[in-house]
Amino acid sequence: MTFDPASLRYNDAGLIPAIAQDSTSGEVLMMAWMNRDAVERTLRTREVTYWSRSRSELWIKGKTSGNVQELVEFRLDCDRDCLLVAVRQTGPACHTGRRSCFYTTVENGAEVVADGA
């Protein structure tokens, strides 16, 4: 069965959430948005590409920072409305310089920055 990016269920803005996960450790690194062009480019080049909502343009992860994501595996969920990209991450995934964007936990009603973040 051939994959067609048009078969994905994009939201009203033409976007689909994409969760980036370290292909070796399984650690969830970040979540960002892709449009159809980003999906196609990611699959074609193996450079994970997102849609920047703030800049309204394609964003190749690491193009300016050097913290690239090389695509290892591309998955879609059963409803075809969310993506999981397993990546080889070079450097931190988060723009704050942390390995993962998910470094804040909620404990007893308070936000706590996780150890090692």
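None of the values given here were measured: they were computed from a predicted structure.

K.L.:
Please clarify how the packing of aromatic side chains should be interpreted in this entry.
P.N.:
To describe a pair of aromatic rings, one takes the distance between the centres and the angle between the planes. A complete count under the given rule lists two aromatic pairs for this structure. Residues Tyr50 and Trp59 carry aromatic rings whose centres are separated by 5.1 Å and whose planes lie at 40 degrees to one another, so their mutual orientation is tilted. Directly above the ring of Tyr103 sits Arg98, whose terminal nitrogen or CZ lies 3.9 Å from the centroid.

K.L.:
Looking at this structure, how should I read the nonpolar core?
P.N.:
As a rule of thumb, nonpolar side chains are buried together in soluble globular proteins. Grouped together as the largest cluster of nonpolar side chains are 18 residues, with contacts concentrated most on Met30, Met34, Val48, Tyr50, Phe74, Leu83 and Val85. Counting residues per element, the ones that place at least two in this core are strand 1 (16–22), strand 2 (28–34), helix 1 (36–45), strand 5 (69–76) and strand 6 (83–89). It is strand 2 that provides the largest number of residues to this core, a total of four residues. With residues up to four places along the chain from it excluded, the contact list for Val85 reads Ile19, Ala20, Gln21, Met34, Val48, Tyr50, Leu71, Glu73 and Phe74.

K.L.:
When you look at the pairing of strand 8 (residues 110–113) in this model, what are you seeing that I'm missing?
P.N.:
On a regular strand, one side chain projects to one face of the sheet and the next to the other, so that they alternate. Two strands pair when backbone bridges link them, and strand 7 (residues 104–107) and strand 8 are joined in this way by four bridges, in the antiparallel orientation. Looking across to strand 8, one finds that Thr104 is bridged to Val113. Taking the residues between adjacent antiparallel strands as the criterion, strand 7 and strand 8 are bridged by two residues, where Asn108 takes a positive phi near 50 degrees.

K.L.:
I keep staring at the sheet that holds strand 2 and nothing clicks. Help me out?
P.N.:
By definition, the strands of a sheet pair up through backbone hydrogen bonds, in either a parallel or an antiparallel sense. The mixed open sheet is built from four strands, whose spatial order is 2-1-6-5. In this open sheet, the two strands that pair with only one neighbour each are strand 2 and strand 5. The average angle at which neighbouring strand axes cross in this sheet is 30 degrees, direction not considered. The pairing of strand 1 with strand 6 spans five bridges and is classified as parallel. Across the sheet, Ile19 pairs through a bridge with Leu84, a residue of strand 6.

Rules of the game
Residues numbered from 1 in each chain as written. Predicted model: local features only at pLDDT ≥ 70, side-chain atom pairs only at ≥ 80, totals over all residues. Heavy atoms only, no water. Phe/Tyr/Trp six-rings, centres within 6.5 Å; stacked < 30°, edge-to-face > 60°. Lys NZ or Arg CZ within 6 Å of the ring centre and 35° of its normal. Core = buried A, V, L, I, M, F, W, Y, C linked by side-chain atoms within 4.5 Å. Buried < 20%, exposed > 50% of the residue type's maximum accessible area, 1.4 Å probe, protein only. Helix = DSSP H or I, 4+ residues; strand = E, 2+ residues; numbered from the N terminus. Contact = heavy atoms within 4.5 Å. Pairing = 2+ DSSP bridges. Axes fitted to C-alpha atoms, helices over the stretch in contact; angles between N-to-C directions.

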